[in-house]
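What follows is the residue order along each chain.
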Amino acid sequence: MRSALSIDPFIFFPVLLLSVIGILGIYSTGFNAELTFYQGMYIKQILWLCIGLVLFIITLIIPLRVHEVFAYFYYIIAIGLLIGVLVFGSTGGARSMRWFDLGFFNLQPSEFAKIALVFALARFLSHYRRKFPNAISIATVIFLGMIPFGLVVKQPDLGTALVFAIITLFMLYWAGLSLFHLFLFVSPL
């Protein structure tokens, strides 16, 4: 099990500092009487920061082996949420069909799907390390990456969809596929 000492301070503290600076920026805009939209928004941001820190600590306590065991389950849930947002997602505006409107907050399943894809690909590639790279394993990785890519393009959200393609390419590179072979995959696109 990891301990609290395994937190990388060069990542954690700058993110925390940027979050606090952002909250202070929102707080300072609340002094303008004409911008009533921002008044009180800093309290919501403080609440979300606290919730995020609690979730961070919970995630830190959970052993990595648990995430490895549930990696495919995370992926299936993420794909189900992406399909669900196509059917039941909120419509209208720039955020059409990308969010679940849960009343007190909006849930964007593509953000969860990014993490789930990394877990699923990491598990697949770590278990097939000796057989990689071969045509079947490369095709499987690309197939796993193309499912969320296609569902997010359908929303339509090309920017987020391209993140899934980049994650897939970096995971292939991490697993040992050469830059030349990656270039062969990317060049037709």
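See above for the structure.
Enquirer: Honestly, the packing of helix α1 (residues 9-29) against helix α2 (residues 41-61) in this entry has me stumped. Any pointers?
Expert: The packing of two helices is summarised by the inter-axis angle and the distance between the axes. Here α1 crosses α2 at 165°, and the two axes come no closer than 8 Å. Accordingly, the angle class assigned to the pair α1 and α2 is roughly antiparallel. Our pair here, α1 against α2, has a crossing hand that is left-handed. On the side of α1, the interface is formed by F12, L16, S19, V20, I23, I26 and Y27, while α2 contributes M41, Y42, Q45, I46, L49, L53 and F56. Its residues assigned to classes, the contact of α1 with α2 comprises 12 nonpolar, 2 polar and no charged.

Enquirer: Could you clarify how one ought to interpret the packing of helix α6 (residues 135-153) against helix α7 (residues 158-175) in this entry?
Expert: With their axes 8 Å apart at the nearest point, α6 and α7 run at an angle of 170° to one another. In terms of their interaxial angle, α6 and α7 are classed as roughly antiparallel. Residues V141, I142, G145, P148, F149, V152 and V153 of α6 pack against L158, T160, A161, L162, F164, A165, T168 and L172 of α7.

Enquirer: I tried to follow the packing of aromatic side chains on my own but got confused; where do I start?
Expert: Remark: the centre distance and the inter-plane angle together describe each pair of aromatic rings, the angle taken between the planes. What the rule picks out here adds up to 6 aromatic pairs. Aromatic pair F12 and F56: ring centres 5.3 Å apart, planes at 20°, arrangement stacked. A residue pair is termed long-range when its members are at least 10 positions apart, and F12 in helix α1 and F56 in helix α2 qualify at 44 residues. Considering the side-chain rings of F70 and Y74, the 6.4 Å spacing of their centres and the 25° angle between planes classify their relative orientation as stacked. Here F70 falls in the partly exposed class, since its relative accessible area comes to 39%. An aromatic cluster is present here, built from F70, F73, Y74 and F119 joined pairwise through their rings.

The rules behind each value
- Along each chain, numbering runs from 1 in the same order as the chain's sequence is written.
- Residues qualify for local features only when their pLDDT is at least 70, as the model is predicted, and side-chain atom pairs are given and counted only at 80 or more; totals for whole chains, interfaces and linings, by contrast, use all residues.
- Only heavy atoms go into the side-chain values, all of them from the structure, while hydrogens and water stay out.
- Axis angles are defined between N-to-C directions and span 0 to 180 degrees, where every axis is a line fitted to C-alpha atoms and, for a helix, only to the segment in contact.
- Here a strand is any run of E in DSSP of at least two residues, a helix any run of H or I of at least four, and the numbering for each starts at the N terminus.
- Angle categories are assigned with fixed cut-offs, so that under 35 degrees is roughly parallel, over 145 is roughly antiparallel, 65 to 115 is roughly perpendicular, and the rest are oblique.
- Crossings are classed by handedness, with left-handed meaning an anticlockwise turn of the near helix from the far one by less than a right angle and right-handed meaning a clockwise turn.
- Throughout, a contact is declared for two residues whenever any of their heavy atoms are within 4.5 Å.
- When residues are sorted by character, Ala, Val, Leu, Ile, Met, Phe, Trp, Tyr, Cys and Pro go into the nonpolar class, Asp, Glu, Lys and Arg into the charged class, and all the rest, Gly among them, into the polar class.
- Pairing of aromatic side chains requires ring centres within 6.5 Å, counting the rings of Phe and Tyr and the six-membered ring of Trp. Pairs whose planes differ by under 30 degrees are stacked, by over 60 edge-to-face, and all others tilted.
- Here the term buried applies to any residue with accessible area under 20% of the maximum for its type, exposed to any over 50%, and partly exposed to those in between, with areas from a 1.4 Å probe on protein chains only.

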